[in-house]
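Each chain is listed here by its residues.
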Amino acid sequence: MNETMVCVVGNVATRPVYRETVSGPSARFRIAVTARYWDREKNSWVDGHTNFFTVWANRQLAANAAASLSVGEPVIVQGRLKVRKETREGQPDWMSADIDAVTVGHDLSRGTTAFRRTPRPELTPPSDRSEPAWETHPATSPQAGGTAADGAPDADSGEATGELRPEAAMVT
(Lines give C-alpha, C1' and ligand atoms only; values in the text may rest on other atoms or scores of the structure.)
Protein backbone atom coordinates (compact mmCIF):
# COMPACT_ATOMS: atom_id res chain seq x y z
CA MET A 1 0.00 0.00 0.00
CA ASN A 2 1.19 3.48 -0.79
CA GLU A 3 0.11 5.39 2.27
CA THR A 4 1.89 8.39 3.72
CA MET A 5 2.78 7.52 7.31
CA VAL A 6 3.75 10.48 9.50
CA CYS A 7 4.91 11.01 13.04
CA VAL A 8 4.17 14.46 14.46
CA VAL A 9 5.16 15.98 17.79
CA GLY A 10 3.06 18.83 19.10
CA ASN A 11 0.46 19.96 21.61
CA VAL A 12 -3.21 19.03 21.92
CA ALA A 13 -5.04 22.10 20.57
CA THR A 14 -8.69 21.08 21.16
CA ARG A 15 -10.47 18.88 23.65
CA PRO A 16 -10.97 15.35 22.23
CA VAL A 17 -14.54 14.77 21.02
CA TYR A 18 -15.67 11.18 21.59
CA ARG A 19 -18.55 9.59 19.68
CA GLU A 20 -20.10 6.12 19.63
CA THR A 21 -20.85 5.32 15.99
CA VAL A 22 -22.30 2.33 14.17
CA SER A 23 -18.79 1.25 13.15
CA GLY A 24 -17.44 1.62 16.72
CA PRO A 25 -16.04 4.38 18.95
CA SER A 26 -14.37 7.36 17.31
CA ALA A 27 -12.55 10.42 18.69
CA ARG A 28 -11.04 13.47 17.08
CA PHE A 29 -8.89 16.32 18.29
CA ARG A 30 -6.60 18.93 16.77
CA ILE A 31 -2.85 18.98 17.27
CA ALA A 32 -0.66 22.06 16.85
CA VAL A 33 2.83 21.39 15.52
CA THR A 34 5.20 24.32 15.72
CA ALA A 35 8.67 24.27 14.19
CA ARG A 36 11.42 25.72 16.38
CA TYR A 37 14.81 26.81 15.22
CA TRP A 38 17.93 28.43 16.67
CA ASP A 39 18.29 32.07 15.67
CA ARG A 40 22.02 32.90 15.72
CA GLU A 41 21.42 36.64 15.65
CA LYS A 42 19.13 36.57 18.71
CA ASN A 43 21.08 33.71 20.28
CA SER A 44 17.82 31.97 21.27
CA TRP A 45 15.19 29.52 20.10
CA VAL A 46 12.44 31.00 17.93
CA ASP A 47 9.02 29.57 17.07
CA GLY A 48 8.39 29.08 13.38
CA HIS A 49 5.16 28.36 11.52
CA THR A 50 2.43 26.33 13.28
CA ASN A 51 0.64 23.55 11.40
CA PHE A 52 -2.67 22.19 12.65
CA PHE A 53 -3.79 18.61 12.00
CA THR A 54 -7.08 16.92 12.83
CA VAL A 55 -6.32 13.57 14.46
CA TRP A 56 -8.87 10.77 14.14
CA ALA A 57 -8.71 7.76 16.48
CA ASN A 58 -10.92 4.67 16.36
CA ARG A 59 -11.95 1.77 18.61
CA GLN A 60 -9.95 1.41 21.85
CA LEU A 61 -7.52 4.15 20.85
CA ALA A 62 -10.48 6.56 20.67
CA ALA A 63 -11.67 5.71 24.19
CA ASN A 64 -8.16 5.95 25.64
CA ALA A 65 -7.37 9.25 23.88
CA ALA A 66 -10.63 10.83 25.05
CA ALA A 67 -9.96 9.75 28.63
CA SER A 68 -6.26 10.71 28.67
CA LEU A 69 -5.71 13.90 26.66
CA SER A 70 -6.24 17.52 27.67
CA VAL A 71 -5.66 20.79 25.84
CA GLY A 72 -2.03 21.93 25.94
CA GLU A 73 -0.48 18.54 26.68
CA PRO A 74 2.54 17.52 24.58
CA VAL A 75 1.80 14.45 22.43
CA ILE A 76 3.29 12.30 19.70
CA VAL A 77 0.92 11.01 17.01
CA GLN A 78 1.75 8.42 14.37
CA GLY A 79 -0.65 7.58 11.57
CA ARG A 80 -1.73 7.94 7.96
CA LEU A 81 -1.75 11.46 6.51
CA LYS A 82 -4.81 12.38 4.45
CA VAL A 83 -5.13 15.75 2.75
CA ARG A 84 -8.70 16.67 1.86
CA LYS A 85 -9.87 19.39 -0.50
CA GLU A 86 -13.47 20.55 -0.36
CA THR A 87 -15.44 23.03 -2.36
CA ARG A 88 -18.04 24.92 -0.40
CA GLU A 89 -20.73 26.98 -2.02
CA GLY A 90 -19.70 30.61 -2.41
CA GLN A 91 -16.28 30.06 -0.82
CA PRO A 92 -12.82 29.33 -2.15
CA ASP A 93 -11.54 25.75 -2.00
CA TRP A 94 -10.91 24.56 1.52
CA MET A 95 -8.12 22.13 2.46
CA SER A 96 -7.41 20.18 5.63
CA ALA A 97 -4.74 17.75 6.72
CA ASP A 98 -6.02 14.81 8.78
CA ILE A 99 -4.11 12.04 10.51
CA ASP A 100 -5.80 8.66 10.88
CA ALA A 101 -3.98 7.72 14.10
CA VAL A 102 -2.35 4.37 14.65
CA THR A 103 -0.86 5.41 17.99
CA VAL A 104 -1.02 8.43 20.29
CA GLY A 105 1.13 9.07 23.34
CA HIS A 106 2.34 11.75 25.70
CA ASP A 107 5.76 13.24 24.90
CA LEU A 108 7.82 12.20 27.92
CA SER A 109 10.72 14.47 26.91
CA ARG A 110 8.55 17.35 28.12
CA GLY A 111 6.91 15.91 31.23
CA THR A 112 5.63 12.84 33.06
CA THR A 113 2.47 10.79 32.82
CA ALA A 114 0.95 7.78 34.57
CA PHE A 115 0.10 4.85 32.29
CA ARG A 116 -2.89 2.67 33.16
CA ARG A 117 -4.10 -0.28 31.12
CA THR A 118 -7.76 -0.20 30.25
CA PRO A 119 -9.67 -3.38 30.96
CA ARG A 120 -10.67 -5.27 27.86
CA PRO A 121 -14.38 -5.85 27.44
CA GLU A 122 -15.26 -9.36 28.49
CA LEU A 123 -16.20 -11.59 25.63
CA THR A 124 -19.54 -13.32 25.86
CA PRO A 125 -18.94 -17.07 25.99
CA PRO A 126 -20.51 -18.97 23.10
CA SER A 127 -23.76 -20.72 23.81
CA ASP A 128 -23.51 -24.36 24.85
CA ARG A 129 -23.85 -26.41 21.69
CA SER A 130 -22.59 -29.70 23.06
CA GLU A 131 -24.06 -33.05 22.07
CA PRO A 132 -26.75 -34.49 24.32
CA ALA A 133 -25.51 -36.98 26.90
CA TRP A 134 -25.42 -40.37 25.24
CA GLU A 135 -26.06 -43.50 27.24
CA THR A 136 -22.99 -45.70 27.03
CA HIS A 137 -22.39 -49.25 28.13
CA PRO A 138 -18.82 -50.06 27.15
CA ALA A 139 -18.81 -53.46 28.82
CA THR A 140 -21.78 -54.79 26.87
CA SER A 141 -21.09 -53.24 23.49
CA PRO A 142 -18.50 -54.97 21.32
CA GLN A 143 -18.22 -51.86 19.13
CA ALA A 144 -17.48 -49.54 22.03
CA GLY A 145 -14.15 -51.12 22.87
CA GLY A 146 -13.55 -49.49 26.23
CA THR A 147 -10.08 -50.75 27.15
CA ALA A 148 -6.99 -51.88 25.36
CA ALA A 149 -5.29 -55.21 26.01
CA ASP A 150 -3.13 -53.65 28.74
CA GLY A 151 -6.18 -52.39 30.66
CA ALA A 152 -5.64 -48.73 29.77
CA PRO A 153 -8.54 -46.73 28.33
CA ASP A 154 -8.82 -47.10 24.58
CA ALA A 155 -7.79 -43.88 22.83
CA ASP A 156 -10.67 -44.17 20.36
CA SER A 157 -13.35 -44.72 22.98
CA GLY A 158 -13.20 -41.20 24.43
CA GLU A 159 -12.94 -42.55 27.98
CA ALA A 160 -9.54 -40.95 28.52
CA THR A 161 -11.06 -37.50 28.08
CA GLY A 162 -14.51 -38.21 29.47
CA GLU A 163 -15.96 -37.64 26.02
CA LEU A 164 -19.03 -39.64 25.11
CA ARG A 165 -19.31 -40.71 21.51
CA PRO A 166 -22.55 -41.48 19.75
CA GLU A 167 -21.14 -44.66 18.18
CA ALA A 168 -20.57 -46.03 21.69
CA ALA A 169 -24.25 -45.74 22.53
CA MET A 170 -26.45 -48.84 22.74
CA VAL A 171 -29.67 -48.60 20.90
CA THR A 172 -32.52 -50.79 22.11
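Thresholds, definitions, all that
- Residues numbered from 1 in each chain as written.
- Predicted model: local features only at pLDDT ≥ 70, side-chain atom pairs only at ≥ 80, totals over all residues.
- Heavy atoms only, no water.
- Helix = DSSP H or I, 4+ residues; strand = E, 2+ residues; numbered from the N terminus.
- Buried < 20%, exposed > 50% of the residue type's maximum accessible area, 1.4 Å probe, protein only.
- Contact = heavy atoms within 4.5 Å.
- Areas by Shrake-Rupley, 256 points an atom, 1.4 Å probe, with all protein chains shown as cover.
- 1 Å grid on protein atoms, 1.4 Å probe; cavity = no way out; pocket = protein on both sides within 12 Å on 5 of 7 lines; lining within 4 Å.
- Points joined across faces, edges and corners; volume = space filled by probe spheres on them.
- Nonpolar A, V, L, I, M, F, W, Y, C, P; charged D, E, K, R; others polar.
- Core = buried A, V, L, I, M, F, W, Y, C linked by side-chain atoms within 4.5 Å.
- Salt bridge = Lys/Arg side-chain N within 4 Å of Asp/Glu carboxyl O.

Per an unreviewed UniProt entry, the recorded name for the protein chain is Single-stranded DNA-binding protein, and the organism is Streptomyces althioticus subsp. attaecolombicae.

(A) Quick peek at the overall build of the protein chain. When helices and strands are counted, the protein chain shows one helix and six strands. What you see in the protein chain, going N to C, is helices and strands ordered as β-β-β-β-α-β-β. The 172 residues of the protein chain split such that 23% are buried. Counting only contacts in the protein chain whose residues sit at least 6 apart along the sequence, the fraction spanning at least 24 positions is 54%. Surface summary for the protein chain: the accessible area is close to 13300 Å², and the carbon and sulfur share equals 52%.

(B) Looking closely at the layout of surface pockets. Each pocket or cavity is described by its volume, and for the largest pocket that value is around 730 Å³. Lining the largest pocket are 21 residues, and of these Asn 64, Ser 68, Phe 115, Arg 116 and Thr 118 sit closest to its centre. Counting only elements with at least two residues in the lining of the largest pocket, the list comes to helix H1 (59-68) and strand E6 (94-106). Ranked by residues supplied to the lining of the largest pocket, first place goes to H1 with six residues. Partitioned by chemical class, the residues of the lining of the largest pocket number ten nonpolar, eight polar and three charged.

(C) Main features of unusual backbone geometry. Non-glycine residue Asn 43 carries a positive phi angle of around 55°. When you line up the elements, Asn 43 lands in the loop between strand E3 (24-39) and strand E4 (44-58). Given a relative accessible area of 55%, Asn 43 falls into the exposed group. For Arg 59, which is not glycine, the phi dihedral falls at a positive 55°.

(D) Representation of the environment of Leu 108 within the structure. Note that Leu 108 resides in the segment after E6. Note: C-alpha distance between Leu 108 and Pro 74 (34 residues apart in sequence) is 8.2 Å.

(E) Looking closely at the nonpolar core. Val 8, Phe 29, Ile 31, Leu 69 and Val 77 are the most contacted members of the largest nonpolar core, which has 15 residues in total. For this core, the elements supplying multiple residues, two or more each, are strand E1 (5-12), E3, E4, strand E5 (74-86) and E6.

(F) How the structure looks around the pattern of salt bridges. Taken as a whole and assessed by the stated rule, the structure comprises six salt bridges. Of the charged contacts in the structure, one is a salt bridge between Glu 3 and Arg 80, with a shortest N-O distance of 3.6 Å. On the criterion of sequence distance, the pair formed by Glu 3 in the segment before E1 and Arg 80 in strand E5 is long-range, its members being 77 residues apart. A relative accessible area of 23% places Arg 80 in the partly exposed class. Asp 98 is the salt-bridge partner of Arg 84, the closest N and O atoms lying 2.8 Å from each other. Taken as a pair, Arg 84 in strand E5 and Asp 98 in strand E6 lie far apart in primary sequence, 14 residues in all. By relative accessible area, Arg 84 is classed as partly exposed at 34%.

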